[in-house]
Amino acid sequence: MLTDEPEVRPTSQPAGNGQGSGQAIADEIPAVVPAVDRQLATPAPQEEPEERYCWVCFATEEDDKFAPWVQPCNCRGATKWVHQSCLKRWIDEKQKGNPYKSISCPQCQTRYIIILPSMGSFAFLLERLDIIAKQLSPGMAAGAIVCSVYWTAITFGAVTVLQTTGFERGLSMMEQAEPIALLLCLPTIPVALVIGRMFRWEDIVLRFLQNRQFDIRKYPVISLMLPVSNEPSPNYPEPYPNSTISTSEPLSVTRIFCGALLLPTVSTIVGKIFFKSVKNDLHRTLLGGFAFVVVKGMLKIYFHQKKHNRAKQRQILDYTPENVRKYWMRSQPPETNERPGQPHGQGQGMMQQPAMEENVVNGAG
């Protein structure tokens, strides 16, 4: 039989000395403790309790000993524990009123296990109806807006027909027309006006005149009507390239929309003022609209060409005390003047005043 105790062999002792021999044997036997008994006798180290730290409110267990804690994900360390109430509040902010939206841990991306207690059949039905209403509301709102725009376009088209052709004739035309034709054709009137307003024929004419400026100088009549420079521009080097100067203004949605919708009214007014001899209301309105568009376009071409010439003639002068006194000090109020050597940026916005700009251009020219 195997034991953990070591084998002890008796030693030979001289006869007649029993007491002395027994004491010697006891001294020679080693005091051996079995390995199993030694491990059982050694006390196991006790694990210290882990300190809980809420990653939402940054409170510890010592701050609120009665608050319930939860470990909702696979995080370790500082983000392992969190208050139940704090986590519920954080989940409410993420769900935004949708209790069925899944929420995951922002650190380890573990999906939280959220259990919703039953509210009853009737409350569940009300909740489903509420969810369906929220899902259908955007589509219904978009449909209402589209229908409103459509019927507004129909109304505007009908008013335009009555305004341009005359009330009696326009009303008779719409009464004789098919309803489906009216529903399809009347909304296209404001759309056609907006598309036509977006066509900027003035810019095309202006670019043509700027590219053909040398040829236009041969015709004195055109030179008198349009602000075309009579000085030949050098071929190379070109100090003022045309490509760097923008002659057209950016598109404005509100301006295009308002101009397109006001065009029939303005055409009717211009036709009644300048074309009274025309008996047909439609023809008179068309002539008034054509005259208004042409005159407005010519004025716009003249204005943009003037701006183009001004941009070509501008110069940037040296920053010298003489130029500052000559072009700057006399065009600025005393409280906004910058002295020579003043840091750039102070009063910088005042450099673009119209009076200053005119003085610089005229002086340079």
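So, here's what we can say about the structure.

Calculation notes
Residues numbered from 1 in each chain as written. Predicted model: local features only at pLDDT ≥ 70, side-chain atom pairs only at ≥ 80, totals over all residues. Heavy atoms only, no water. Helix = DSSP H or I, 4+ residues; strand = E, 2+ residues; numbered from the N terminus. Buried < 20%, exposed > 50% of the residue type's maximum accessible area, 1.4 Å probe, protein only. Areas by Shrake-Rupley, 256 points an atom, 1.4 Å probe, with all protein chains shown as cover. Salt bridge = Lys/Arg side-chain N within 4 Å of Asp/Glu carboxyl O. Phe/Tyr/Trp six-rings, centres within 6.5 Å; stacked < 30°, edge-to-face > 60°. Lys NZ or Arg CZ within 6 Å of the ring centre and 35° of its normal. Patch = residues over 30% accessible without salt bridge, like charges linked within 9 Å, V, L, I, M, F, W, Y side chains within 5 Å. Lys, Arg positive; Asp, Glu negative; His and termini not counted. Charge placed at Lys NZ, Arg CZ, Asp CG, Glu CD. Axes fitted to C-alpha atoms, helices over the stretch in contact; angles between N-to-C directions. Parallel < 35°, antiparallel > 145°, perpendicular 65-115°, else oblique. Left-handed = near helix turned anticlockwise from the far one by under 90°. Contact = heavy atoms within 4.5 Å. Nonpolar A, V, L, I, M, F, W, Y, C, P; charged D, E, K, R; others polar.

## With respect to the overall build of the protein chain
Working step 1: When you go through the protein chain residue by residue, the secondary structure sums to 14 helices and two strands.
Working step 2: When burial is assessed residue by residue, the protein chain has 23% of its 365 residues classed as buried.
Working step 3: Surface exposure of the protein chain reaches about 27,600 Å², of which carbon and sulfur atoms provide 61%.

## Looking at the pattern of salt bridges
Working step 1: Applying the stated criterion across every chain yields a total of three salt bridges.
Working step 2: Residue D203 pairs with R200 through a salt bridge whose shortest N-O separation is 3.2 Å. For the pair shown, D203 and R200 are each scored as buried.
Working step 3: Among the salt bridges present, the one from R284 reaches D281, with a minimum N-O distance of 2.4 Å. On the criterion of helical spacing, the pair formed by R284 and D281 is a turn pair, its members being three residues apart in helix α12 (residues 281-313).
Working step 4: Accessibility expressed as a relative area gives 14% for R284, which makes it buried.
Working step 5: A residue is classified by how much of its surface remains accessible, and D281, at 28% relative accessible area, is partly exposed.

## Regarding the packing of aromatic side chains
Working step 1: Evaluation of the coordinates by the stated rule reveals three aromatic pairs.
Working step 2: Consider the rings of W90 and Y112, whose centres lie 6.3 Å apart with planes at 70 degrees: the pair is edge-to-face. Residue W90 is found in helix α3 (residues 84-95), and its partner Y112 is found in the loop between α3 and α4 (121-165); the two are separated by 22 residues along the sequence.
Working step 3: A relative accessible area of 6% places Y112 in the buried class.
Working step 4: Positioned above the aromatic ring of W81 is the side chain of R52, whose terminal nitrogen or guanidinium carbon lies 4.1 Å from the ring centre.

## Looking at the environment of I204
Working step 1: If you trace the backbone, I204 turns up in helix α8 (residues 201-211).
Working step 2: In sequence terms I204 and I301 are 97 residues apart; their C-alpha atoms lie 9.7 Å from each other.

## Some remarks on a negative patch on the surface
Working step 1: On the surface, a cluster of negative charge is made up of E51, E61, E62, D63 and D64.
Working step 2: Of the residues examined, D63 reaches a relative accessible area of 56% and is grouped as exposed.

## Here we look at the packing of α4 against helix α11 (residues 253-274)
Working step 1: Interhelical geometry of α4 versus α11 gives an angle of 15 degrees and a closest axis separation of 10 Å. The angle between α4 and α11 places the two elements in the roughly parallel class. Where α4 crosses over α11, the two elements pack in a sense that is left-handed. For the pair α4 and α11, the contacting residues are F156, T160 and Q163 in the first and L261, P264, T265 and T268 in the second.
Working step 2: The class makeup of the residues in the contact of α4 with α11 is three nonpolar, four polar and no charged.

Don't take any of this as a statement about function, it's just geometry.
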